[in-house]
Amino acid sequence: MLKFALKNMAIKKVQIILIVLSIVISAGIGVLAFNVATQVDEGITSNAGYYSVIIGPAGSNTQLAMNSMYFTDSPVGTIPYSVAGSLQQDSRVTSVIPFAMADNYNGYGVVGTTPDYLNSKEIASGEMFELGGSMQAVIGSNIAKYNDLKVGDLIYTSHSTASTETHAEGITVVGILKESHSAFDNIVFTQLKTLWDMHDHGEHEEGGEHQHTHGTVCAILINTKNPGYAMQLVNEYDGKIITEKDGDSYTLQAIEPMSVVRDVLNDADDTKYIVFVLCAVILVMNIMIISIITLLNMYHSAKEISLMRLIGISMKKINLLYIIQNSIMGLASVLLAFGVSRICMILMNDYVESMGVVLNMSKVYPAEFIILLAVFTISVLPTVIWTFTMSRKDSISD
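Everything numeric here is computed off the predicted structure, so don't read it as measured data. (Residues numbered from 1 in each chain as written. Predicted model: local features only at pLDDT ≥ 70, side-chain atom pairs only at ≥ 80, totals over all residues. Heavy atoms only, no water.)

K.L.:
Could you clarify how one ought to interpret the overall build of the chain in this entry?
P.N.:
Within the chain one finds eleven helices and 15 strands. The proportion of buried residues among the 398 residues of the chain is 48%. Long-range contacts, defined here as pairs at least 24 residues apart, represent 74% of the contacts in the chain between residues at least 6 apart. As displayed, the chain offers around 19,500 Å² of accessible surface, 61% of which is attributable to carbon and sulfur atoms. (Helix = DSSP H or I, 4+ residues; strand = E, 2+ residues; numbered from the N terminus. Buried < 20%, exposed > 50% of the residue type's maximum accessible area, 1.4 Å probe, protein only. Contact = heavy atoms within 4.5 Å. Areas by Shrake-Rupley, 256 points an atom, 1.4 Å probe, with all protein chains shown as cover.)

K.L.:
How do you make sense of the nonpolar core when you look at a structure like this?
P.N.:
A general feature of soluble globular proteins is that nonpolar side chains tend to end up buried together. Counting 75 residues, the largest nonpolar core has Phe71, Tyr117, Ile139 and Phe189 as the members making the most contacts within it. No other element matches the eight residues that strand β3 (residues 93–105) contributes to this core. Sequence-distant contacts of Phe189, defined by excluding residues within four places in its chain, comprise Phe71, Val111, Tyr117, Leu118, Phe129, Gln136, Ala137, Val138, Leu177 and Phe184. (Core = buried A, V, L, I, M, F, W, Y, C linked by side-chain atoms within 4.5 Å.)

K.L.:
Can you walk me through the pairing of strand β15 (residues 249–255) in this structure?
P.N.:
Where a strand is regular, its side chains alternate between the two sheet faces. Where burial is concerned, most of β15 is hidden: five out of the seven residues are buried. As paired strands, strand β1 (residues 53–57) and β15 are joined by four bridges and run antiparallel to one another. Each bridged residue has a counterpart across the sheet, and for Ile55 the counterpart in β15 is Ala254. Direction of pairing for strand β14 (residues 241–243) relative to β15: antiparallel, over a ladder of three bridges. Opposite Thr243, over in β15, you have Ser249 as the bridge partner. (Pairing = 2+ DSSP bridges.)

K.L.:
Before we go on, may I ask you to explain helix α3 (residues 61–70) in this structure?
P.N.:
A turn of α-helix holds 3.6 residues, and therefore any two residues three or four places apart point the same way. Within α3, seven of the ten residues are buried, which leaves it mostly tucked inside the rest of the structure. Every buried residue of α3 is listed here: Leu64, Ala65, Met66, Asn67, Ser68, Met69 and Tyr70. Regarding α3, its N-cap is Ser60, as a side-chain oxygen of that residue lies 3.4 Å from the backbone nitrogen of Thr62 further along. Phe71 sits one or two positions beyond α3 and adopts a positive phi of about 65 degrees. (Polar contact = N/O pair within 3.5 Å; in protein donor to acceptor, adjacent residues only side chain to side chain.)

K.L.:
Would you explain the packing of aromatic side chains in this entry?
P.N.:
Each aromatic ring pair is summarised here by two numbers: the centre-to-centre distance and the angle between the ring planes. If you walk through the whole model with that rule in mind, you get eleven aromatic pairs. Seen from their ring centres, Phe34 and Tyr365 are 5.9 Å apart, and the 85 degrees between their planes marks the pair as edge-to-face. Taken as a pair, Phe34 in helix α2 (residues 13–48) and Tyr365 in the loop between α10 (315–353) and α11 (366–393) lie far apart in primary sequence, 331 residues in all. With relative accessibility at 24%, the residue Phe34 sits in the partly exposed group. Residue Tyr365 is classed as buried on the basis of its relative accessible area, which comes to 9%. Connected via pairs of aromatic rings, a cluster forms that spans Tyr51, Phe71, Phe99, Tyr117, Phe184 and Phe189. The side chain of Lys121 reaches across the aromatic face of Phe184, ending 4.4 Å from its centre. Here the basic side chain of Lys240 rests over the ring of Tyr237, its NZ or CZ set 4.7 Å away from the ring centre. (Phe/Tyr/Trp six-rings, centres within 6.5 Å; stacked < 30°, edge-to-face > 60°. Lys NZ or Arg CZ within 6 Å of the ring centre and 35° of its normal.)

K.L.:
Is there a simple way to explain unusual backbone geometry in this structure?
P.N.:
Excluding glycine, a negative phi dihedral is what most residues carry, and trans is how most peptide bonds are arranged. Positive phi is not limited to glycine here, since Asp103 has a value of about 70 degrees. Within the secondary structure, Asp103 sits in strand β3. Asp103 gets classed as buried once you look at its relative accessible area, which sits at 1%.

K.L.:
Is there a simple way to explain the confidence of the model for the chain in this structure?
P.N.:
When pLDDT drops low, the exact placement of atoms in the prediction is not to be read closely. Put simply, the chain has an average pLDDT of 82, and 82% of its residues get 70 or more. For the stretch residues 201–213, pLDDT sits under 50, and the model shows 22 contacts to residues farther than four places along the chain or on other chains. (pLDDT = per-residue confidence, 0-100.)

K.L.:
What exactly am I supposed to notice about the pattern of salt bridges here?
P.N.:
Opposite charge on two side chains lets them pair, provided their charged atoms get close. Throughout the structure, instances matching the rule amount to six salt bridges. Ionic pairing is found between Asp90 and Arg92, a salt bridge with its closest N-O pair at 2.7 Å. Taking relative accessible area as the criterion, Asp90 reaches 16% and is therefore assigned buried. For the salt bridge of Asp153 with Lys150, the shortest nitrogen-to-oxygen distance reads 3.4 Å. Several salt bridges share partner residues, and in doing so they unite Asp90, Arg92 and Glu236 into one network. (Salt bridge = Lys/Arg side-chain N within 4 Å of Asp/Glu carboxyl O.)

K.L.:
What should I look at first to understand the environment of Ile282 in this one?
P.N.:
With respect to the helices and strands, the residue Ile282 is situated in helix α8 (residues 257–300). Put simply, Ile282 and Ser22 are 260 residues apart on the chain and 9.5 Å apart in space, counted from C-alpha to C-alpha.

K.L.:
What am I meant to see in the side chain of Ser333 here?
P.N.:
Looking at the secondary structure, you find Ser333 in helix α10. For Ser333, a relative accessible area of 0% gives the class buried. Aside from chain neighbours lying at most four places away, what touches Ser333 is Val20, Ile23 and Val24.

K.L.:
What should I look at first to understand the environment of Glu169 in this one?
P.N.:
In this fold, Glu169 is placed in the loop between β7 (154–155) and β8 (171–177). On the accessibility criterion, Glu169 (49% relative accessible area) is partly exposed. Spatially, the C-alpha atoms of Glu169 and Met198 are 8.1 Å apart, while their sequence positions differ by 29 residues. In this structure, Glu169 is in contact with Met135, Tyr156 and Met198, ignoring residues within four places of it in sequence.

K.L.:
What is the right way to look at helix α7 (residues 227–237) in this model?
P.N.:
Where α7 is concerned, the buried positions are Ala230, Leu233, Val234 and Tyr237. Down the axis of α7, the buried side of the element spans an arc of 100 degrees, and every buried residue falls inside it. Tucked inside the fold, the buried residues of α7 contact β1, α4 (82–88), β3, β13 (219–224) and β15. Where α7 ends, the next residue or the one after it, Gly239, has phi of about 90 degrees, a positive value. (Arc of directions from axis to C-beta.)

Shown next as structure tokens:
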């Protein structure tokens, strides 16, 4: 029966190809949209809960949050490191982590911070850079993989986040992070002092503006003893003006990162729902196409069925033949759709990385199997209905 079903499918190549394409489009788009949307949501929210407050230069609060937690976009600007010193003496604060982003290594961002910034990450090989040292780096897994780097190698970073002009002094790789399928896989982490030493010429040019780099940071990430203290710090530091001894003034902003991320996700959810609606429309249209092609195919098979009945083949076996045929076609199509969705995720990864999320191609959600099963069932259902109807109308007894 299986051999006969395969031969019958080979005869009707055009109809089979049309049905397969319809199923692949329906299932592939549905699975792709759900997987990417879910990973982006999880990736964005995963880091937001690590910090109670983020303090940085006045400007876009979204840019401050996304840059200091997900390394997207450029830093808003810089603020004096002395702000971090003051916060470390604050009894309401449990941890203060300075953050500076400057330079690049082969296009990958370079972040100056403390080991505490990487507390949630595992080191696959080597060790963490020294807190009080300089010119040491812990690199993301992708950087090590794609640049063939190992512990002990020297890397030479370039001026600013986009320049190709390299610094003369190299940074020693002392550790490589375990792959986390996050933006951390694509960043070079070093001591804050490393960035200051690299730019110990007063100021450098980035984005068309001169920025003081020695003794400045792009953001300060803070954890407090309770949420009430976090709100107090936001109220105290948001809009505060700091004047340094050299006369330079800085206007600060303070944000609660979780609130900012919620706003970002709310905007993203609106887009996500539009995508899901479009997927639903495409799915309905393809269901109609699949049903029409299947029914036409079965209608044109009426003579073939009559001949089989005349030579003594029972209607049950004929029904089974067509159900097996369409089941093979549907199963092959949904498996192909799943594979196509993963290929599309690879192509989309660069765009999603701009949101601070690295897609995990191996991550599969239970809902994806439900989508594939639903499309498979829909693809086979017209055949089941048609064969059942034919059985009811059949006048030749089995």
